[in-house]
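Working through the structure, step by step
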Amino acid sequence: MSFELPLLRIGLAGFSLEQQEALGRVLQHASPGGLAWEFSKFGEADALWLNGGRTQVLSATTLRVASGVPGGRPTQINLPDVDRPLAFARPLPRNLQPELCFDIEDAAGVGAVLGRLEGWLRPLIAQFCLASQVLEQESALGSGLYHVASASGTLIAVVDLRGDAAVMPTATPLDFENAMWAARPRDIAPPEHFVRTSLSQLMWQYALRTARDVLPRRYRTEMLYFRRPPRLPQRLLRDSHLLLLRELAMAPGTFTELQQRTGLVGVPLAHDLAALYLVGAITSNQKRASQASLRRAEGWDSSLHSHQPSQPSIQGRDSRLPPQPNDLTAPAPLNLE
């Protein structure tokens, strides 16, 4: 079985373009665990790095970070709302003593911070490794409950393919190499200290962090349909996911047609569709499609025979569809955990 590691992301605030480039070069080789890190938007980041030299302490719970880019907007952070680790580049502001800090020019120091972050993110990394194995073995696995043990026999995960998963929080990627899967009765509960998550969230987080192309080949040629809202908190979905869900809820479309209708193209579109496919939100099988979505599409098609299009196609968008190119609302409630 192939060995796969996740892509982890860092959100930056207060760094100049030159500092970001310097940190990016260090980041390529600094991970103690051999993991890949990249910079991303704050909302998509697994950890946040702030430039202490541009950070102002407004109160015991609020920080303001000035932009390091000319004309950029400052970032205000309410510490009780932060649900991911924070690290600060020196110099630090007065009245602030963070647990993690580093010097931009010190590659060893940056590596040490990454090592600490990878330790905190170990449950997420373990969940990624488990999801990778679920995907590789899906054709051989049924819909039952499985215990996953390391090569040494240690229980590292429990997976119910109809519902949720639980992972040992201290499991490492090496524990999942050559792991053994065994079917078990459903009335066997996972150990209490295991980290639990829904199967949808497990596969979603995998889809956002894998470098593999996991979109089935047929999804690039056949008609695609909206099936159901993904069973995820809405905060986990990006604007591009919401746009695709909206488009397919209005009318089915092929990969090529979705490129024209959304402006998403190539690899980014395939990546977003793969995430929606892995959580069962879209399908290439019309029999599994949302009947409400199909009726809506049929209604628009029939209206073509009695009405002329009210306006021309915009940016390649099919003129038969309602003109909602910037509508990022969800086609149905998403908080279905």
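Our structure is the block above this text.
Just so we're clear, the structure is a prediction, and the values are computed from it rather than from any experiment.

Here we come to the overall build of the chain. For the chain, the helix and strand inventory stands at 9 helices and 15 strands. Out of the 337 residues in the chain, the part that is buried amounts to 47%. Taking as baseline every contact in the chain between residues at least 6 positions apart, the subset at least 24 positions apart corresponds to 70%.

All right, on to the packing of helix α6 (residues 239-250) against helix α7 (residues 255-262) then. Remark: α6 packs on α7, axes separated minimally by 11 Å, with the N-to-C direction vectors making an angle of 115°. Relative to α7, the element α6 is oriented roughly perpendicular. For the element pair α6 and α7, the recorded crossing hand is right-handed. Residue-level contacts link Leu-243, Leu-244, Glu-247 and Leu-248 of α6 to Leu-258, Arg-261 and Thr-262 of α7.

Core analysis: the largest hydrophobic core is formed by 56 residues, its most contacted members being Leu-130, Val-148, Phe-176, Trp-181, Trp-204, Leu-273 and Leu-278. For this core, the secondary-structure elements that each account for two or more residues are α3 (122-136), β9 (145-149), β10 (155-160), β11 (164-167), α5 (199-209), α6, α7 and α8 (266-278). Here this core gets 8 residues from one element, more than from any other, and that element is α8. Not counting chain neighbours up to four residues away, the residues in contact with Trp-204 comprise Leu-232, Leu-236, Leu-237, His-241, Ala-275, Leu-276 and Val-279. Within the second largest apolar cluster, 23 residues are counted, among which are Leu-12, Val-26, Leu-35 and Ala-89.

Quick look at the environment of Asp-160 now. Residue placement: Asp-160 occurs in strand β10. For the pair Asp-160 and Ser-198, spaced 38 residues apart in the sequence, the C-alpha separation amounts to 9.3 Å. In contact with Asp-160, not counting residues within four places along its chain, are Ser-143, Gly-144, Leu-145, Arg-186 and Leu-199.

As a further point, take the pattern of salt bridges. Tallying each qualifying case throughout the model produces 10 salt bridges. In this structure, the salt-bridge partner of Asp-46 is Arg-209, at a minimum N-O distance of 2.2 Å. Within this pair, whereas Asp-46 is found in the loop between β2 (36-40) and β3 (47-51), its partner Arg-209 is found in helix α5, the two being separated by 163 residues in sequence. Overall, Asp-46 belongs to the buried group, its relative accessible area being 6%. Here Asp-160 makes a salt bridge to Arg-186, at a shortest N to O gap of 2.5 Å. Separated by 26 residues along the polypeptide, Asp-160 in strand β10 and Arg-186 in the loop between β12 (180-184) and β13 (195-198) bring together distant segments of the chain. A relative accessible area of 16% places Asp-160 in the buried class.

Moving on to the sheet that holds strand β8 (residues 101-102). The strand order β2-β1-β3-β7-β8 describes an open sheet built from 5 strands, whose pairing is parallel. Looking at strand neighbours, the two that pair on one side only are β2 and β8, the edges of this open sheet. Pairing between strand β7 (residues 86-89) and β8: 2 bridges, direction parallel. Residue pairing in the sheet places Phe-88 in a bridge with Cys-101 of β8.

With that settled, consider the sheet that holds β13. What links the strands of a sheet is backbone hydrogen bonding, and the strands pair in either a parallel or an antiparallel sense. One open sheet accounts for 5 strands, arranged β12-β9-β10-β11-β13; its pairing is antiparallel. Lying at the two open borders of the sheet, with one neighbouring strand each, are β12 and β13. Going across the sheet, the axis of each strand differs from the next one's by a mean of 20°, ignoring polarity. Relative to β12, β9 is paired through 5 bridges, and the arrangement is antiparallel. Its bridge partner being in β12, His-147 is matched across the sheet by Ala-182. α3 rests against β9, β10, β11, β12 and β13 of the sheet, and its axis sits at about 130° to β11. Where α5 meets the sheet, its contacts fall on β10, β11 and β13, and the angle it forms with β13 comes to roughly 90°.

Criteria and cut-off values
- Residue numbering note: each chain is counted from 1, following its sequence as written.
- Reporting of local features is limited, given that this is a predicted model, to residues whose pLDDT is at least 70; pairs of side-chain atoms are given and counted only at 80 or more, and all residues count toward the totals for whole chains, interfaces and linings.
- Hydrogens and water molecules were not included; the side-chain quantities draw on all heavy atoms of the structure.
- By definition, any uninterrupted DSSP run of H or I lasting at least four residues is a helix, any uninterrupted run of E lasting at least two residues is a strand, and each is numbered from the N terminus.
- The buried label applies to any residue whose accessible area, calculated with a 1.4 Å probe on protein chains only, is under 20% of its type's maximum; exposed applies above 50%, and partly exposed to all values in between.
- Note on definitions: a residue-residue contact is assigned when non-hydrogen atoms from the two residues lie within 4.5 Å.
- A fitted line through C-alpha atoms serves as each axis, taken over the contacting stretch for helices, and the angle formed by two N-to-C directions is quoted from 0 to 180°.
- The cut-offs work like this: below 35 degrees is roughly parallel, past 145 is roughly antiparallel, 65 to 115 is roughly perpendicular, and the gaps in between are oblique.
- Note on convention: near helix rotated counterclockwise from far helix by under a right angle means a left-handed crossing. Clockwise means right-handed.
- In this text, buried Ala, Val, Leu, Ile, Met, Phe, Trp, Tyr and Cys residues form a nonpolar core when linked through side-chain atoms within 4.5 Å.
- The salt bridge definition used is simple: a Lys or Arg side-chain nitrogen within 4 Å of an Asp or Glu carboxyl oxygen.
- Whether two strands pair comes down to DSSP finding at least two bridges between them.

The values reported here are purely geometric and, on their own, carry no functional implication.
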